[in-house]
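# Architecture and fold: a report
Chain by chain, the residues:
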Amino acid sequence: RVILLGRNKQNLENTLQSMEGSDHEIISFDLTEFSYFNKLLKDIIGYTKGLDGVVHCAGIQAYESLFMIEEDSIEKILRLNVSTPALLTKGIRQERLLNKNSSIVFLSSIVGMVGGAGASVYAASKSALIALAKSLAVELASDGIRVNCIAPAIVETPMSDALMYACEQQM
């Protein structure tokens with residue numbers, strides 16, 4: 001049984017249609033709306049008594065050269081890529097939604113480990129996510145909760161396609 005959570009209800013519906021089984025749920029929610037996390041957690045509680053796993057792959061990809069970086073873009077990137085997974089994990093833990101021997105997986109990026117030209121803030125946010133996962137793994141281990149972070153290279157998605165197109169236009 002899977003609870004799909006994301007901003008775009010149509011994308012959630014499309015994913016739901018491609019899944020086997022019929023006991024899955026969708027929740028349309030913008031994870032940057034921290035003030036509504038309590039409502040989100042109550043909705044999740046309404047669907048399940050506990051979670052065996054959480055995969056957090058929400059994020060924003062932003063490549064800006066040093067001279068283009070603005071304070072608001074830094075805040076936006078850090079908010080979604082670092083603050084959201086930290087606060088969501090906190091809420092899930094406070095509500096005791098994680099079953100014993102459950103797992104949390106965050107999606108980071110290889111850029112968070114090796115850096116990249118024009119990606120300093122994005123790389124910093126993904127590096128912070130890796131550090132968050134390491135610390136949470138230590139903190140939650142005594143409760144039988146595993147925390148891991150996956151750091152793939154570019155994954156072909158509409159977001160990465162748009163990014164590649166924008167990069168090509170700048171050259």
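Here, every reference points to the structure presented above.
Quick summary incoming for the structure in this document.

Conventions we followed
- Residues numbered from 1 in each chain as written.
- Predicted model: local features only at pLDDT ≥ 70, side-chain atom pairs only at ≥ 80, totals over all residues.
- Heavy atoms only, no water.
- Helix = DSSP H or I, 4+ residues; strand = E, 2+ residues; numbered from the N terminus.
- Rg over C-alpha atoms; globule rule 2.2 N^0.38 Å.
- Buried < 20%, exposed > 50% of the residue type's maximum accessible area, 1.4 Å probe, protein only.
- Contact = heavy atoms within 4.5 Å.
- Areas by Shrake-Rupley, 256 points an atom, 1.4 Å probe, with all protein chains shown as cover.
- Lys, Arg positive; Asp, Glu negative; His and termini not counted.
- Charge placed at Lys NZ, Arg CZ, Asp CG, Glu CD.
- Phe/Tyr/Trp six-rings, centres within 6.5 Å; stacked < 30°, edge-to-face > 60°.

## Considerations on the overall build of the protein
Counting secondary structure elements, the protein contains 6 helices and 5 strands. Ordered by position in the sequence, the α and β elements of the protein form the string β-α-β-α-β-α-β-α-α-β-α. For 171 residues, the compact-globule estimate of 2.2 N^0.38 gives 16 Å, and the C-alpha radius of gyration of the protein, at 17 Å, lies within 12% of that figure. Each of the 171 residues in the protein was classed as buried or not, and the buried ones make up 36%. Taking as baseline every contact in the protein between residues at least 6 positions apart, the subset at least 24 positions apart corresponds to 62%. Accessible surface, the protein: about 10600 Å² in total, of which carbon and sulfur atoms supply 54%. Charge-centre separation for the protein: the mean point of 15 positive side chains lies 10 Å from the mean point of 19 negative side chains.

## Focus: the packing of aromatic side chains
Scanning the entire structure with this criterion turns up 2 aromatic pairs. Ring geometry for phenylalanine 29 versus phenylalanine 37: centroids 6.0 Å apart, planes at 50°, classification tilted. Of the two residues examined, phenylalanine 29 and phenylalanine 37, each falls in the buried class. Taken together, a centroid distance of 5.6 Å and an interplanar angle of 80° make the contact between phenylalanine 34 and phenylalanine 37 edge-to-face. Classification of phenylalanine 34 as partly exposed rests on a relative accessible area of 21%. On the basis of relative accessibility, which here comes to 7%, the residue phenylalanine 37 falls in the buried class. Aromatic ring contacts, followed pair by pair, group Phe29, Phe34 and Phe37 into a single cluster.

Keep in mind that these numbers describe shape and distance, not what the molecule does.
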